[in-house]
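Okay, here's what each chain looks like letter by letter:
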Amino acid sequence: MIKKLINTSEFVVLLTLIGLYVIVGLINPVFFSISTIFDTLRASTVYFFLAFGLLPIIISGGVDISFVAVAAVSSYAAQMFLVSRGYDGGIWAYFIISCAIGILMGLLIWFLVTRFNLPIFSVSLALFTMWYGFALFFIGAQNNFQLPASGVGYYEKNLMTVKLPTGGITSLHSSIIYVVLAGLFIWWFLKYTTIGRGVYAIGGSREVAVRSGFNVKLILLTIFVIMGILAAIAGVFFGLLNRYFGPMDLQGDPLNVIAAVILGGASITGGKGTVFGTVLGVILIQLINRALIFLGIPAQWQVLVVGFMLIIFISMPAIRERRANKLGHSTAMTELE
Amino acid sequence: MAANSDSPNFQTSLFNKFKNHRKDSQTFILLGVFVVLFVFFGLINHNFIAAPSIISMAFQLPEIGILSLAMLLPTIVGGIDLSVNSVANLAAVVSGIFLVKILPVNLLNPALSVVLAIGLALLIGVICGMLNGFLVAYVGVPPILATLATYTTFLGIATGITGGASVTGFPDQMGSIGSGTIFGIPITFVIFALLAILIYFILFRTTFGFKIRMLGSNPTAAKFSGLKNNLILMKLYIIGGVLSSIAGVVAMSYTMSANYEYGTTTYVLLAILITVLSNITPGFGNVFNIFVSVLILQIISTGSHMALMGVQGSSFFKDFLWGILMILIFILNYFMHRKEIQN
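Throughout what follows, the structure given in this document is the object of discussion. Please read these numbers as outputs of a predicted model, since none were measured by experiment.

### Remarks on the overall build of chain B
In terms of helices and strands, chain B carries 14 helices and four strands. Relative to a compact globule of 343 residues, whose C-alpha radius of gyration would be 20 Å, chain B shows 22 Å and is just as compact. The principal-axis extents of the C-alpha atoms in chain B amount to approximately 80 × 55 × 35 Å. The buried share among the 343 residues of chain B stands at 53%. When contacts within chain B are restricted to residue pairs at least 6 apart in sequence, those whose partners lie at least 24 apart make up 78%. As displayed, chain B has an accessible area near 15200 Å², and 68% of this comes from carbon and sulfur atoms. Of the charged side chains in chain B, 14 are positive and 8 negative; the average position of the first set lies 13 Å away from that of the second.

### Remarks on the environment of Ser-83 of chain B
Residues and elements named next belong to chain B. With respect to the secondary-structure elements, Ser-83 resides in the loop between α3 (62-76) and α4 (84-102). For the pair formed by Ser-83 and Val-287, sequence separation is 204 residues and the distance between their alpha carbons is 21 Å. Excluding its chain neighbours within four sequence positions, the residues that come into contact with Ser-83 are Asn-132, Thr-147, Thr-150, Tyr-151 and Phe-154.

### As for the side chain of Ser-122 of chain A
Looking at the element boundaries, Ser-122 of chain A is found in helix α6 (residues 120-139). According to the relative accessible area criterion, Ser-122 of chain A is buried, its value standing at 11%. In contact with Ser-122 of chain A, not counting residues within four places along its chain, are Val-276, Met-326 and Phe-330 of chain B.

### Quick word on the environment of Gly-90 of chain A
Inspection of the secondary structure assignment puts Gly-90 of chain A in the loop between α4 (67-84) and α5 (92-115). Sequence-wise, Gly-90 of chain A and Ile-202 of chain A are 112 residues apart; in three dimensions their C-alpha atoms are separated by 41 Å.

### What to know about the nonpolar core
With 195 residues, the main nonpolar core has Leu-50, Leu-190, Leu-250 and Ile-258 of chain A together with Leu-69, Leu-72 and Ile-272 of chain B as its most contacted residues. Looking at this core element by element, the count peaks at 16 residues for helix α11 (residues 216-242) of chain A. Residue contacts for Leu-69 of chain B: discarding those within four places in its chain leaves Phe-192, Leu-195, Ala-196, Leu-243, Val-287 and Ile-290 of chain B. Core analysis: the next-biggest nonpolar cluster, separate from the first, contains 25 residues, Val-87, Ala-91, Val-93 and Cys-128 of chain B among them.

### Focus on the environment of Phe-284 of chain B
For Phe-284 of chain B, the location among the structural elements is in the loop between α12 (267-277) and α13 (287-307). Overall, the relative accessible area of 29% leaves Phe-284 of chain B in the partly exposed class.

### Concerning unusual backbone geometry
Residues and elements named next belong to chain A. Of note in this structure, Asn-117 is not a glycine but carries a positive phi near 55°. Checked against the element boundaries, Asn-117 lands in the loop between α5 and α6. Of note in this structure, Arg-243 is not a glycine but carries a positive phi near 60°. Tracing the sequence through the fold places Arg-243 in the loop between α11 and α12 (254-263). Judged by its relative accessible area of 37%, Arg-243 falls in the partly exposed class.

### Regarding empty space enclosed by the protein
Counting across every chain of the model gives four cavities of 30 Å³ or more. There is about 100 Å³ of room inside the largest cavity. Elements with a contribution of two residues or more to the lining of the largest cavity: α3, α4, α11 (229-255) and β4 (257-258) of chain B. Residue composition of the lining of the largest cavity, by class: nine nonpolar, six polar and one charged. There is about 50 Å³ of room inside the second largest cavity. Going through the elements one at a time, α2 (9-27) and α14 (302-326) of chain A are the ones with two or more residues in the lining of the second largest cavity. A per-class count over the lining of the second largest cavity returns seven nonpolar, one polar and no charged.

### A short note on the packing of aromatic side chains
Throughout the structure, instances matching the rule amount to 33 aromatic pairs over all chains. Measuring from ring centre to ring centre gives 5.9 Å for Trp-131 of chain A and Phe-134 of chain A, while their planes differ by 90°; the resulting arrangement is edge-to-face. You can see Trp-131 of chain A and its partner Phe-134 of chain A sitting in helix α6, three residues apart, about one turn around the helix. For Trp-131 of chain A, a relative accessible area of 14% corresponds to the buried category. On the numbers, 6.1 Å between centres and 40° between planes, the contact of Phe-185 of chain A with Trp-188 of chain A is tilted. Residue Phe-185 of chain A and its partner Trp-188 of chain A are both found in helix α8 (residues 175-192); the two are separated by three residues, about one turn of the helix. Through pairs of rings, three or more aromatic residues link up here, namely Trp-131, Phe-134, Phe-137 and Phe-138 of chain A together with Phe-317 and Phe-320 of chain B.

### Side note on the interface of chain B and chain A
Taken together, the contacts link 46 residues of chain B with 41 residues of chain A. A buried area of about 3800 Å², summed over both sides, lies between chain B and chain A, and 82% of it is on carbon and sulfur atoms. Those elements that place two or more of their residues in the side of chain B that touches chain A are α5 (110-139), α6 (143-162), α12 and α14 (317-342) of chain B. With 14 residues, α6 of chain B is the single largest residue contributor to the side of chain B that touches chain A. Split by residue class, the side of chain B that touches chain A holds 33 nonpolar, twelve polar and one charged.

### Looking at helix α9 (residues 207-217) of chain B
Within α9 of chain B the residues assigned to the buried category are Phe-208, Gly-209, Ile-212, Leu-215 and Gly-216 of chain B. When α9 of chain B is viewed along its axis, its buried side chains cluster within an angular range of 125° and face the same direction.

### Some words on the layout of surface pockets
Of the volumes computed, that of the second largest pocket is approximately 810 Å³. Forming the boundary of the second largest pocket are 29 residues, of which Gly-252, Asp-253 and Asn-256 of chain A together with Tyr-151 and Thr-152 of chain B lie nearest the centre. Sorting the residues of the lining of the second largest pocket by element identifies α12, α13 (275-294) and α14 of chain A together with α6 and α12 of chain B as the ones contributing at least two each. For the lining of the second largest pocket, the per-class residue count stands at 18 nonpolar, nine polar and two charged.

### What about α13 of chain B?
All names here are of chain B. When the terminal C-alpha atoms of α13 are compared, their 30 Å separation across 21 residues agrees well with the 30 Å that a helix rising 1.5 Å per residue should span. Counting buried residues in α13 gives 18 out of 21 residues, a clear majority hidden from the surface. The opening residue of α13 is Asn-286, an N-cap whose side-chain oxygen sits 3.0 Å from the backbone nitrogen of Phe-288.

### Regarding the packing of α4 of chain A against α6 of chain A
Residue and element names in this part refer to chain A. Between α4 and α6, the shortest axis-to-axis distance is 9 Å and the interhelical angle comes to 20°. Taken together, α4 and α6 sit at an angle that is classed as roughly parallel. The handedness of the crossing between α4 and α6 is left-handed. Side by side, α4 and α6 meet where Val-68, Ala-69, Ala-72, Val-73, Tyr-76, Ala-77 and Met-80 of the first sit next to Phe-128, Trp-131, Tyr-132, Ala-135 and Ile-139 of the second. Residues that form the contact of α4 with α6 fall into these classes: twelve nonpolar, no polar and no charged.

Rules behind the numbers
- Residues numbered from 1 in each chain as written.
- Chains lettered and ligands numbered in written order.
- Predicted model: local features only at pLDDT ≥ 70, side-chain atom pairs only at ≥ 80, totals over all residues.
- Heavy atoms only, no water.
- Helix = DSSP H or I, 4+ residues; strand = E, 2+ residues; numbered from the N terminus.
- Rg over C-alpha atoms; globule rule 2.2 N^0.38 Å.
- Buried < 20%, exposed > 50% of the residue type's maximum accessible area, 1.4 Å probe, protein only.
- Contact = heavy atoms within 4.5 Å.
- Areas by Shrake-Rupley, 256 points an atom, 1.4 Å probe, with all protein chains shown as cover.
- Lys, Arg positive; Asp, Glu negative; His and termini not counted.
- Charge placed at Lys NZ, Arg CZ, Asp CG, Glu CD.
- Core = buried A, V, L, I, M, F, W, Y, C linked by side-chain atoms within 4.5 Å.
- 1 Å grid on protein atoms, 1.4 Å probe; cavity = no way out; pocket = protein on both sides within 12 Å on 5 of 7 lines; lining within 4 Å.
- Points joined across faces, edges and corners; volume = space filled by probe spheres on them.
- Nonpolar A, V, L, I, M, F, W, Y, C, P; charged D, E, K, R; others polar.
- Phe/Tyr/Trp six-rings, centres within 6.5 Å; stacked < 30°, edge-to-face > 60°.
- Buried area = accessible area lost by both parts, 1.4 Å probe.
- Arc of directions from axis to C-beta.
- Expected span 1.5 Å × (residues − 1).
- Polar contact = N/O pair within 3.5 Å; in protein donor to acceptor, adjacent residues only side chain to side chain.
- Axes fitted to C-alpha atoms, helices over the stretch in contact; angles between N-to-C directions.
- Parallel < 35°, antiparallel > 145°, perpendicular 65-115°, else oblique.
- Left-handed = near helix turned anticlockwise from the far one by under 90°.

Here you go:
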């Protein structure tokens, strides 16, 4: 049982994460402070939602790029609409309008993929450039900072505040509750629903899944709608936490989110991946960025250090798999022993 | 004897015919789109088909064209190279610093120092390609992750050595490539066309190219046929690295400056978009499609810019149009294939 646990790819990521935390902490003990954890979680919030939405699509064997465009465009459209109406109520309106737009955008990619039998990656690339172009040309090209009073306040709506021994205070933002809820939902969906099991089935082998009676169209519909909703929520949180909505938000981020999901043990070819692994992958990428500050690396060399760390962290699971293959069986079989 | 349509030979030949036809149909669609767009933008704005606008397009497209060729090779073996643009920038930045700060300008003939700097850029391309190839082929990292990590690393090196500043002040000879013409055709465009022909030649007229396509269509079969898959992948990524560094030199020579983050947010996805539009799939690639796709994107970019002159945010309309056009081409392709299958 324990051996089985140790051999999962999630465990390798967990060890990497703990190793990084301890090593950086030993070099600079300030890193062990609770504020590191709170700040990392806060910086991860948006990426958690994006990664949760992307995970089922990657497990189903597809790679989507357009989810960042869904996040940016749906939230920016909601903001511009509400601002033009002089809206000054609660933030719930943002979530409702964004999610409605996100669902429509999810339905469009689902329609194109299933009706014309197209690869998800190709369609999502076209939609990525189309949606960003759409927002910039038709909705507006400037970042908008006019949040309603409830939206401005949300920036510091904290769950708990802790006094630091050094003097200052640090807070855990309340958005983490929704991250946990979304994570639990995806976990339940993938593990305990027929459609969720079908996601793994079509990712493992589409042909076998069809012949065993899985409804591929329905499964794809579900995961694209989930992607649309979670991306829209991510977009709204991006706006609320950064206190502005922009038409080009997150444009440089799709590859980082994909990397986080795959670092977390999901297979790029489908059929494999867990919520727990995804959480670890997202935190790992954020923690690397945070660690650099504490290691005292000069700003101009920080990107290089991130690159080095990435090369090491992506090589470890690959080397492990390679060793397992040399022994004459795949990692899947190793895990069973 | 007449009813031999069930014989395996007949089926194989039919299958091949179908497959060849399938490949050609994308070229056919792309060429059609190219002509339609050209006429359309020409009718909207007569300046579009005038020589100055066509020459300016020919100056703008080689960079992204060469980056797309660099992206083509990994795509044919089912991989991807996200590092193409940062290899280009790193090569440009290193050779730029070498040219401006290290070479004794007064002692050497400026033309010779430019040649040395370009040689250094190509060397950087080889080294970067080797690192990509090593991670993908010998460590066994999925290409999308490996090249994302090297993308960050190369970007990091370029950021570190420049401290975020642009490198400028090259001798005039540097600009002679980027702004020079041969018989009225920009030199950089000629370089792009020659490289496209070279890649076509490598892929379809050499044993190495045959091995690449075999590896792409079935890696396991290739391995059991005695091919050294790892070595092929390594060579492939090195060629990709060199092509990327050439794109870097072209950009440096055109803009007369080198910057660590030139085109960072858009160029990589644009290069992937071109390979997707060209219908490059593992084992199958058509260099001519890449060439036409690059032309199409440039026509939309320049054409919509001229048509919407003065409208706010007009430079973003091309992104919207690119997306719509890609989806239309996918759908058109679907209907053409469906007809063939029914026939």
